[in-house]
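Each chain, written out:
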Amino acid sequence: SAVISQKPSRDICQRGTSLTIQCQVDSQVTMMFWYRQQPGQSLTLIATANQGSEATYESGFVIDKFPISRPNLTFSTLTVSNLSPEDSSIYLCSVEKMRELEKLFFGSGTQLSVL
Amino acid sequence: KQEVTQIPAALSVPEGENLVLNCSFTDSAIYNLQWFRQDPGKGLTSLLLIQSSQREQTSGRLNASLDKSSGRSTLYIAASQPGDSATYLCAALSGTYKYIFGTGTRLKVLA
């Protein structure tokens, strides 16, 4: 299985600020995804992080609010901008490995609380 | 549009009991179905992945089955233990090549 390091594990932020979440994988992966899990809800795909180009966002998610970078095959960041209490969620990095296509591996998640 | 539903939403059983968790999906044209475990405030751990051509997969005390024609998958847990307490999520990989997640079943195994 892939070792996925996600940082920070949790944070408490003030309204109007931004939080950047990092995802580092120990091996090259084909796909990297960012998910949001709102309290008591299931996972919703925010975007697919594309290496060296703009991320592909799902309906309801925009680049200005959730800028994503993926400079190489093993690293990606998700920024949640202009925070509001409605952004309080768990944010999860997920990857698909080259030798285990279609199987998803997840980071430990970032629990964000916005005051 | 693919929708994935899990029943029951919550389940509490005594230790040692065998149990079945259910997952239903509306679009039978899936590539695979994956079961995950999530502990409170944590990420997801992959348990079993069933390809669309397969009927079931087994790992230890876990057995997952897939019936595409009826749009159903079940996760069978044998001889449940308190350490099995967690939320179990299923996810279907559909035609748009995106995973659609179910709402989860919150399992509590009582010692």
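Residues numbered from 1 in each chain as written. Chains lettered and ligands numbered in written order. Predicted model: local features only at pLDDT ≥ 70, side-chain atom pairs only at ≥ 80, totals over all residues. Heavy atoms only, no water.

J.: Provide a residue-level description of the overall build of chain A, including the pertinent values.
T.: Looking only at helices and strands, one finds zero helices and 11 strands in chain A. Taken from the N to the C terminus, the helices and strands of chain A come in the order β-β-β-β-β-β-β-β-β-β-β. In terms of C-alpha radius of gyration, chain A reaches 13 Å, essentially the compact-globule figure of 13 Å for 115 residues. Principal axes of the C-alpha set define a box for chain A whose edges measure 40 × 25 × 20 Å. Here chain A holds 115 residues, and 52% of them are scored as buried. (Helix = DSSP H or I, 4+ residues; strand = E, 2+ residues; numbered from the N terminus. Rg over C-alpha atoms; globule rule 2.2 N^0.38 Å. Buried < 20%, exposed > 50% of the residue type's maximum accessible area, 1.4 Å probe, protein only.)

J.: Could you give an account of unusual backbone geometry, with specific residues and numbers?
T.: Omega for the bond connecting A:K7 with A:P8 falls within 30 degrees of zero, at -5°, which places this linkage in the cis form. When you line up the elements, A:P8 lands in the loop between β1 (4-7) and β2 (10-13). Here the bond from B:I7 into B:P8 is cis, since omega is 0°, no more than 30 degrees from zero. Checked against the element boundaries, B:P8 lands in the loop between β1 (4-7) and β2 (10-14).

J.: Which residues make up the interface of chain B and chain A, and what values do they have?
T.: Across the boundary between the two partners, chain B contributes 20 residues, which contact 17 residues of chain A. Carbon and sulfur atoms make up 55% of the surface buried where chain B meets chain A, a total of about 1400 Å² over both sides. Summed over the shared surface of chain B and chain A, the number is one salt bridge. B:K98 serves as the salt-bridge partner of A:E58, at 3.3 Å between the closest nitrogen and oxygen. Where chain B meets chain A, there are five residue pairs in polar contact (both at pLDDT 80 or more). For the side of chain B that touches chain A, the secondary-structure elements that each account for two or more residues are β4 (32-38), β5 (44-51), β9 (86-93) and β10 (99-101) of chain B. The residue makeup of the side of chain B that touches chain A, split by class, is nine nonpolar, nine polar and two charged. (Contact = heavy atoms within 4.5 Å. Buried area = accessible area lost by both parts, 1.4 Å probe. Salt bridge = Lys/Arg side-chain N within 4 Å of Asp/Glu carboxyl O. Polar contact = N/O pair within 3.5 Å; in protein donor to acceptor, adjacent residues only side chain to side chain. Nonpolar A, V, L, I, M, F, W, Y, C, P; charged D, E, K, R; others polar.)

J.: Explain the side chain of A:T48 to me, and be specific about the residues and the numbers.
T.: Its location among the elements puts A:T48 in strand β5 (residues 43-49). In this view, A:T48 contacts A:M31, A:M32, A:F33, A:A55 and A:T56; residues no more than four positions away in its chain are not counted.

J.: Lay out the packing of aromatic side chains in plain terms, naming residues and giving numbers.
T.: Given two aromatic rings, their pairing is described by the distance between the two centres and the angle made by the two planes. Under the counting rule described, the total for this entry stands at eight aromatic pairs over all chains. With 5.5 Å between their ring centres and 90° between their planes, A:F106 and B:F36 make a pair best called edge-to-face. Here A:F106 is found in strand β10 (residues 100-106), whereas its partner B:F36 is found in strand β4 on a different chain. B:F36 shares its class with A:F106; the two are buried. (Phe/Tyr/Trp six-rings, centres within 6.5 Å; stacked < 30°, edge-to-face > 60°.)

J.: Talk me through the sheet that holds β1(A); I want residue IDs and the actual numbers.
T.: Residue and element names in this part refer to chain A. Ordered by their spatial adjacency, four strands build an open sheet running β1-β3-β8-β7, and the pairing between neighbours is antiparallel. Two strands close off the open sheet at either side, each with one partner strand: β1 and β7 (68-72). Between one strand and the next, the sheet's axes are offset by a mean angle of 15°, whatever the strand orientation. Pairing geometry for β1 and strand β3 (residues 19-25), over four bridges, is antiparallel. Of the residues in β3, the one forming a bridge with K7 is Q22. (Pairing = 2+ DSSP bridges. Axes fitted to C-alpha atoms, helices over the stretch in contact; angles between N-to-C directions.)

J.: Break down the pattern of salt bridges for me, citing the residues and quoting the values.
T.: Residue and element names in this part refer to chain B. Applying the stated criterion across every chain, the model contains four salt bridges over all chains. Between D84 and R61 there is a salt bridge, with the nearest N and O atoms lying 2.9 Å from each other. Of this pair, D84 sits in the loop between β8 (72-77) and β9 while R61 sits in the loop between β6 (56-59) and β7 (62-67), and the two are 23 residues apart along the sequence. Judged by its relative accessible area of 30%, R61 falls in the partly exposed class.

J.: Explain the pairing of β9(B) residue by residue, including any values.
T.: All names here are of chain B. Taken across its eight residues, β9 has seven buried, putting it largely inside the fold. Two strands pair when backbone bridges link them, and β4 and β9 are joined in this way by seven bridges, in the antiparallel orientation. Residue pairing for β9: L33 is matched across the bridge by A92. Where β9 meets strand β11 (residues 105-110), three bridges bridge the pair, whose relative direction is antiparallel. Residue pairing in the sheet places T87 in a bridge with R106 of β11. Hairpin geometry of β9 and β10 is characterised by an intervening segment of five residues between the two adjacent antiparallel strands and by a positive phi of about 55° at Y97.

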